[in-house]
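Descriptive analysis of the structure
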Amino acid sequence: MNQESVILALETSCDETAAAVVKNGREVLSNIISSQIDIHKKFGGVVPEVASRKHMENISPVIDEALLSAGVTLDEITAVAVTHGPGLVGALLIGLSTAKAIAYSKGLPFIGVNHIEGHIAANYIQHKQLEPTFVCLVASGGHSHIVHVLDYDRYEIMGRTRDDAAGEAFDKIARSLGLGYPGGPLIDKLSTEGNPMAVDFPRAYLEEGSYDFSFSGLKSAVLNYLNSKNMKNETVNTADVAASFQEAVVEVLAAKLIKAAKDKKSPYAVLAGGVASNSRLRAVLMEKGQREGIEVLYPSPILCTDNAAMIGCAAYYRLLTGKTADFTLNAVPNLSIGQ
Ligand code: KG4
Ligand code: ZN
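Just so we're clear, the structure is a prediction, and the values are computed from it rather than from any experiment.

Each value, and the rule that gives it
- Residues numbered from 1 in each chain as written.
- Chains lettered and ligands numbered in written order.
- Predicted model: local features only at pLDDT ≥ 70, side-chain atom pairs only at ≥ 80, totals over all residues.
- Heavy atoms only, no water.
- Near = heavy atom within 4 Å.
- Polar contact = N/O pair within 3.5 Å; in protein donor to acceptor, adjacent residues only side chain to side chain.
- Areas by Shrake-Rupley, 256 points an atom, 1.4 Å probe, with all protein chains shown as cover.
- Helix = DSSP H or I, 4+ residues; strand = E, 2+ residues; numbered from the N terminus.
- Nonpolar A, V, L, I, M, F, W, Y, C, P; charged D, E, K, R; others polar.
- Core = buried A, V, L, I, M, F, W, Y, C linked by side-chain atoms within 4.5 Å.
- Buried < 20%, exposed > 50% of the residue type's maximum accessible area, 1.4 Å probe, protein only.
- Contact = heavy atoms within 4.5 Å.
- Donors = N, O, S within 2.8 Å, 3.2 Å for Na, K, Ca; no water.
- Tetrahedral: all angles 85-135°; square planar, octahedral: opposite > 155°, others 65-115°.
- Pairing = 2+ DSSP bridges.
- Axes fitted to C-alpha atoms, helices over the stretch in contact; angles between N-to-C directions.
- Phe/Tyr/Trp six-rings, centres within 6.5 Å; stacked < 30°, edge-to-face > 60°.
- Domains from an automatic or database assignment.
- Buried area = accessible area lost by both parts, 1.4 Å probe.
- Salt bridge = Lys/Arg side-chain N within 4 Å of Asp/Glu carboxyl O.

**What to know about the site of ligand 1**
Near ligand 1, the surroundings consist of 22 residues, among which G141, D171, G184, D188 and N278 are the closest. A distance of 3.1 Å is found between an oxygen atom of ligand 1 and a backbone nitrogen or oxygen belonging to G167. Within the side chain of D306, an N or O atom sits 3.2 Å from an oxygen atom of ligand 1. Protein contact buries 88% of the 550 Å² of open area that ligand 1 shows by itself. Of all the secondary structure elements, the ones that give two or more residues to the shell around ligand 1 are α4 (115–126), α5 (166–176) and α6 (183–191). The element contributing the most residues to the shell around ligand 1 is α6, with four residues. Classifying every residue of the shell around ligand 1 by side-chain character gives five nonpolar, 14 polar and three charged.

Written out as structure tokens, the structure reads:
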């Protein structure tokens, strides 16, 4: 591709309406995110129908702002990209139909991007030297995978959660502690005031050599602990419970990621997704990585959360290999990585 690439990317898979302009893959000209968190907070989680309606209202102003802040017009855009899965179907469809309309009316190449692959690509924006192959933990509200990234569009899934995603576990435990939504950042913050050794919650390492995760046993253990305290009329030290829960999650995530990096002889252990913002996870990984001679990389918080810059970056590498889509591309709520 000799011509400069200026991709307009859209992301509406969950509760952020996002648009970005990305130049030549890794240069972010703008990255606009309109979060619906304040709306969904009242319900304790994302309400799919409300999310779709809000995306409808927000998508055009967010695109306008992305173009304005990038200092480009639609005429300077060379391709349009959009997340087409996984995610909430009604939410995905808003981004998808908007992206199709723009690409069709301007006669531009159209690219569908897998949201999880987008999260991984956030690291290419942050770390200009990073190239496949490497091992990456993608942990967010909807997914937890350990992925061997073989190329920009080739992935080997080494492990995945067998029940809840890591972020989902954070959100559920935060709710039972009365902390609100989304739970991850709240537990992260409260844990700094608690003792991570206060309660010995279980760590699910699963079978020897497995890279899968399971958080349901831990979740039940925390709920049982809270119930038994309640029944005995004993006060609960919320900060201690939060810190002990977080430690149990982080210990397993970090151990499996470092082991996977060692097994694949990856010089990097890379983090992606909302949970990659967790301060304890970052700290534990940095320490383990240093000990093992593995460099730990993660994106800045704005690139960890759902955003469209990561979609524009992933789309660039699809475009390079001619992987454009036609206008029959549909939303796929349970799209797998590499599909
Ligand atoms: O990637 P993301 O923004 O959206 C999805 O694709 O799901 O991830 C959101 C998830 C939520 O579950 C949220 O609680 C979690 O990431 N999260 C965190 C932190 N910040 C966000 N979990 C733990 N610690 C954090 N600091
Ligand atoms: Zn996400």
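Following the structure, the description resumes.
**Considerations on the nonpolar core**
By size, the foremost hydrophobic cluster in this structure holds 45 residues, and its most contacted members are F245 and L253. Of all the secondary-structure elements, those providing two or more residues to this core are β6 (134–139), α5, α6, α7 (216–231), α8 (238–263), β9 (268–272) and α9 (279–292). Among the elements that make up this core, the one with the highest residue count is α8 (14 residues). Setting aside chain neighbours within four positions, we find F245 in contact with A169, F170, I173, I187, F201, L218 and V222. By size, the runner-up hydrophobic cluster in this structure holds 38 residues, among which are V113, L130, Y317 and I337.

**Observations regarding the coordination of the zinc ion (ligand 2)**
Protein-derived ligands of the zinc ion (ligand 2) are H115 (NE2), H119 (NE2) and D306 (OD), with the metal-ligand distances lying across 2.0 to 2.1 Å. For the zinc ion (ligand 2), the four donor atoms in the first shell make angles of 94 to 142 degrees at the metal, a pattern classed as irregular. Every donor residue of the zinc ion (ligand 2) comes from the same chain, spaced as H-x3-H-x186-D. Of the two residues, H119 sits in helix α4 while D306 sits in the loop between α10 (301–304) and α11 (309–320), which places them 187 residues apart along the sequence. Note on H119: relative accessible area 1%, which makes it buried. Judged by its relative accessible area of 13%, D306 is buried.

**Focus on the sheet that holds strand β10 (residues 295–297)**
Taken in spatial order, the five strands make up an open sheet running β8-β7-β6-β9-β10, and their pairing is mixed. Two strands close off the open sheet at either side, each with one partner strand: β8 (154–160) and β10. Mean inter-strand twist for the sheet, computed between neighbouring axes without regard to direction, equals 25 degrees. In this sheet, β10 lies alongside β9 in parallel orientation, the contact comprising three bridges. Residue pairing across strands places A269 opposite V296, the latter belonging to β10.

**Details of the packing of aromatic side chains**
As enumerated under the stated definition, the model contains 10 aromatic pairs in all. Look at Y152 and Y317: their rings are 3.8 Å apart centre to centre, the planes differ by 0 degrees, and that puts the pair in the stacked class. With Y152 in the loop between β7 (144–151) and β8 and Y317 in helix α11, the pair connects residues that are 165 residues apart, well separated along the chain.

**Let's talk about the domain arrangement of the chain**
The figure often quoted for interface size is the accessible area lost as the parts come together. By domain assignment, the chain separates into domain 1 (6–120 + 304–320) and domain 2 (132–298). Each of domain 1 and domain 2 has a C-alpha centre, and the two are 27 Å apart. Of the residues lining the interface, 15 residues belong to domain 1; the matching set on domain 2 comes to 18 residues. Buried surface at the junction of domain 1 and domain 2, both sides included, amounts to about 1400 Å², of which 73% is carbon and sulfur. Per-residue buried area on domain 1 facing domain 2 is highest for I116, I120 and C304; these three make up 41% of the total on that side. Here domain 1 is connected to domain 2 by zero salt bridges.

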